[in-house]
Amino acid sequence: MERWNFGANREVMIAPSGTTVRGVLKKIMENLDKDDPSRPTVPLGHGDPSPFPCFRTTVLAEDAIVDAVRSAKFNSYPPTMLGLLPARRAIADYLSHDLPYTLTPDDVFLTMGCAQAIEVTIRVLACLGANILLPRPCFPSYGAHASSNNLEVRYFDLIPEKGWEVDIESIEALADENTGAMMVIINPGNPCGSVYTHQQLKKIAETARKLGILVVADEVYHHLTFGTNPFVPMGVFGSIVPVLTLGSISKRWLVPGWRLGWLVTSDPNGILQKTKVVDCIINLLNLISHPPTFIQGAVPHILEKTGDDFFSKIIDILREAAHICYDRIMEIPCITCPNKPVGSMFVMVKLNPSLLEDIIDDMDFCLKLAKEDSVIVLPGVALGMKNWLRITFAVEPSALEDGLGRIKAFCQRHAKKH
């Protein structure tokens, strides 16, 4: 037998593709009945609204990209892996509008979308023997990257009955002397559709300071709110606790394929400098790929010139879609929606398999729904919540009505007969 002196990285294999949103959705989509093309697939499991005409980005952003390419000024590598200075300055100014202090370009690091910002953050903070605190439910990339970097993950609960509010007591019970890495707060919430108040975020900041840990604020859905709670960035509390803010133009401008994100140090007291976290970020960014230079070149114009009318239109569409989603779900006996979504593009709903015939759990539900009715929904098990479902409402209203109608019909067909 031949012998080879190489093998796969075991740490990477700990986090297989099946634990990611894409991996789970791929498995479900493979269950579609490809022999029945009569019904178009309704994608209610994704996080990318851009294929739908009502969610097209602004012409101004498209023109900015075209102008950047045609200028021939952005065909080379950027002079620094941290990002072009004008782009970093524009992002600092853009984010500073919502803060009680002013960010500088040195606080901003450009990444290939928010996904790379997550990866960089985990790798920077993956100290030997450390553990991190993640919410449950949680966007699974955090847990997958933590596992592949030998970080222990401890989950604190979000309380459905209280608008997915953070359970502060569970955070304090989980933390110990090795909880030095971070606490992740996703606001507006993916997958919950929640938006935290100023008071809730301040309490989180004070708890993190008490425990001596920093806060990672995933704000990729920043300003996508349509309820009574306005968006408040975690960086507002940067004087209480150091904050790493992760974001991008992907969701607010509806261009996830442009892959332009950022990692920002919201830390007016300079704690992240003193603890060498900033130096580690810089060193790591020098080792990995950077966003396309022409996208960086277009960013200042996109951030500074996009009018409020574009944002208002998108918010109105999402608000109406959230109403449709909530109202239709309320008509389905085996699915419970604890809260109407007020932010992002998703809602988490609870499935009761005991009311259904031959449905074992949320994954079984999603696989059979795809096969029988060509509707894609993300099972909650992918997010750490068994027998829950994440439904995306960022689709064309007609497709949303159609998809939710199919889900209702599916549940009626599988309902237990009394």
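Computed from a prediction, not measured in an experiment: that's the story for all the values here. The numbering scheme is per chain: residues are counted from 1 as the chain's sequence reads. With pLDDT at 70 or above as the cut-off, local features in this predicted model cover only qualifying residues; side-chain atom pairs require 80 or more to be listed or tallied, and sums for whole chains, interfaces and linings still use all residues. Side-chain metrics in this entry use all non-hydrogen atoms of the structure; hydrogen atoms and water are not considered.

A word on the overall build of the chain
Counting from the N terminus, the helices are DSSP H or I runs at least four residues long and the strands are E runs at least two residues long. Across its full length, the chain carries 14 helices and 14 strands. On the principal axes, the C-alpha backbone points of the chain span a range of 65 × 65 × 50 Å. The rule is simple: take the accessible area with a 1.4 Å probe, protein chains only, and divide by the maximum for that residue type; under 20% is buried, over 50% is exposed, in between is partly exposed. Across the 418 residues of the chain, 55% fall into the buried class. Working rule for contacts: check all heavy atoms of both residues, and any pair within 4.5 Å makes them a contact. In the chain, the proportion of contacts linking residues at least 24 apart, taken out of those at least 6 apart, comes to 75%. Across the chain, 40 positive and 46 negative side-chain charges occur, with their mean positions spaced 2 Å apart. Here Asp and Glu are counted as negative and Lys and Arg as positive; His is not counted, and neither are the chain ends. Working definition for charges: the position is that of NZ of Lys, CZ of Arg, CG of Asp or CD of Glu.

Focus on the sheet that holds strand S11 (residues 346-351)
Whether parallel or antiparallel, the strands of a sheet pair through hydrogen bonds between backbone atoms. Here a strand pair is declared whenever DSSP counts at least two bridges between the two strands. Spatial ordering of the open sheet is given by S10-S11-S14-S13, a layout of four strands whose pairing is antiparallel. Each end of this open sheet is capped by a strand with a single partner; those strands are strand S10 (335-336) and strand S13 (378-379). In this sheet, strand S14 (residues 388-392) lies alongside S11 in antiparallel orientation, the contact comprising five bridges. Bridging from a neighbouring strand, Val347 pairs with Ile391 of S14.

Re the packing of helix H12 (residues 308-329) against helix H14 (residues 397-414)
Axis lines are fitted to C-alpha atoms, over the contacting stretch for helices. Their N-to-C directions set the angle, which ranges from 0 to 180 degrees. One can describe the packing of H12 onto H14 by two numbers: an axis separation of 10 Å at closest approach and a directional angle of 10 degrees. In terms of orientation, H12 lies roughly parallel with respect to H14. The handedness of the crossing between H12 and H14 is right-handed. Packed against H12, whose contacting residues are Ala321, Ile324, Cys325, Arg328 and Ile329, the element H14 presents Pro397, Leu400, Glu401 and Leu404 at the interface. Split by residue class, the contact of H12 with H14 holds seven nonpolar, no polar and two charged. Any angle that is under 35 degrees is reported as roughly parallel, and any over 145 degrees as roughly antiparallel; angles of 65 to 115 degrees are reported as roughly perpendicular and all others as oblique. Helix crossings get a hand from a simple test, with the near helix turned counterclockwise from the far one by less than a right angle marking a left-handed crossing and a clockwise turn marking a right-handed one. The nonpolar class holds Ala, Val, Leu, Ile, Met, Phe, Trp, Tyr, Cys and Pro. Asp, Glu, Lys and Arg form the charged class, and all remaining residues, Gly among them, are polar.

Let's talk about the side chain of Asp362
Residue position: Asp362 is located in helix H13 (residues 362-373). Should a side-chain nitrogen of Lys or Arg be within 4 Å of a carboxyl oxygen of Asp or Glu, the pair is scored as a salt bridge. Lys386 provides the closest opposite charge to the buried, salt-bridge-free Asp362, at an N-O distance of 4.5 Å. Within the structure, Asp362 has its side chain in polar contact with the backbone nitrogen of Gly380 (distance 3.0 Å). Every residue in contact with Asp362, bar those within four places of it in the chain, is listed here: Leu351, Pro379, Gly380, Val381, Met385, Lys386, Asn387, Trp388 and Leu389. What qualifies as a polar contact is a pair of N or O atoms within 3.5 Å, subject to a donor-acceptor requirement within protein and to the restriction that residues adjacent in sequence count only when both atoms come from side chains.

Comments concerning the pairing of strand S3 (residues 131-136)
Most of S3 is tucked away: five of the six residues are buried. The pairing of S3 with strand S4 (residues 152-159) spans six bridges and is parallel. Looking at S4, one finds that Asn131 is bridged to Glu152. Note on the crossover from S3 through helix H6 (residues 141-148) to S4: the handedness is right-handed. Looking down the strands as they point away from the viewer, one classifies a crossover as right-handed if the path from the first strand across the helix to the second runs clockwise.

Comments concerning the packing of aromatic side chains
Pairing of aromatic rings covers Phe, Tyr and Trp, the last counted by its six-membered ring, and requires centre-to-centre distances within 6.5 Å; plane angles under 30 degrees mean stacked, over 60 mean edge-to-face, and any other angle means tilted. Evaluated as defined, the whole model comprises eight aromatic pairs. Aromatic side chains Tyr94 and Trp262 sit 6.4 Å apart centroid to centroid with 75 degrees between the ring planes, which places their arrangement in the edge-to-face category. In this pair, Tyr94 is assigned in helix H4 (residues 85-96) and Trp262 in strand S9 (residues 261-266), connecting sequence segments 168 residues apart. Judged by its relative accessible area of 1%, Trp262 is buried. Against the face of Trp253 rests Arg252, its NZ or CZ located 5.9 Å from the ring centre. The rule is short: NZ of Lys or CZ of Arg within 6 Å of the ring centre and within 35 degrees of the ring normal puts a charge over the ring.

A closer look at the packing of helix H5 (residues 113-125) against H6
Their axes nearest at 9 Å, the elements H5 and H6 cross at an angle of 40 degrees. One element, H5, and the other, H6, form an angle in the oblique class. Between H5 and H6 the crossing geometry is right-handed. Every residue of H6 that contacts H5 at Ile118, Glu119 and Ile122 is listed here: Ser141, Tyr142, His145 and Ala146. Of the residues in the contact of H5 with H6, the class split is four nonpolar, two polar and one charged.

A few points about the nonpolar core
Counting residues in each nonpolar core, the largest one holds 148 residues, and the members touching the most others are Leu44, Trp253, Trp262, Ile335, Phe365 and Ile407. The dominant element in this core, judged by the number of residues it contributes, is H12, at 12 residues. Beyond its immediate chain neighbours, meaning those up to four positions away, Ile407 contacts Leu44, Ile332, Ile335, Phe365, Leu369, Val375 and Val377. For our purposes a nonpolar core is just a set of buried Ala, Val, Leu, Ile, Met, Phe, Trp, Tyr and Cys residues, chained together by side-chain atoms within 4.5 Å.

What about the state of the cysteines?
The disulfide criterion used throughout: a pair of cysteine sulfur atoms within 2.5 Å. Applying the stated criterion across every chain, the model contains zero disulfides. Its sulfur unpaired, Cys114 is 12 Å from the next cysteine sulfur, which belongs to Cys138. Assessed through its relative accessible area of 8%, Cys114 is described here as buried. No disulfide involves Cys325; its nearest neighbouring cysteine sulfur is the one of Cys337, lying 7.0 Å away.

Structural notes on the pattern of salt bridges
Applying the stated criterion across every chain, the model contains 19 salt bridges. Note that Asp176 is salt-bridged to Arg154, the shortest N-O span being 2.8 Å. Of this pair, Asp176 sits in the loop between helix H7 (168-174) and strand S6 (183-186) while Arg154 is found in strand S4, placing the two residues 22 residues apart along the sequence. Using a relative accessible area of 18% as the deciding quantity, one classes Arg154 as buried. With its nearest N and O atoms 2.9 Å apart, the salt bridge here joins Arg328 to Glu401. One end of the pair, Arg328, is in helix H12; the other, Glu401, is in helix H14, and 73 residues separate them in sequence. On the accessibility criterion, Arg328 (27% relative accessible area) is partly exposed. Among the ionic contacts, a cluster of salt bridges with common partners joins Arg39, Glu372, Asp373 and Arg413.

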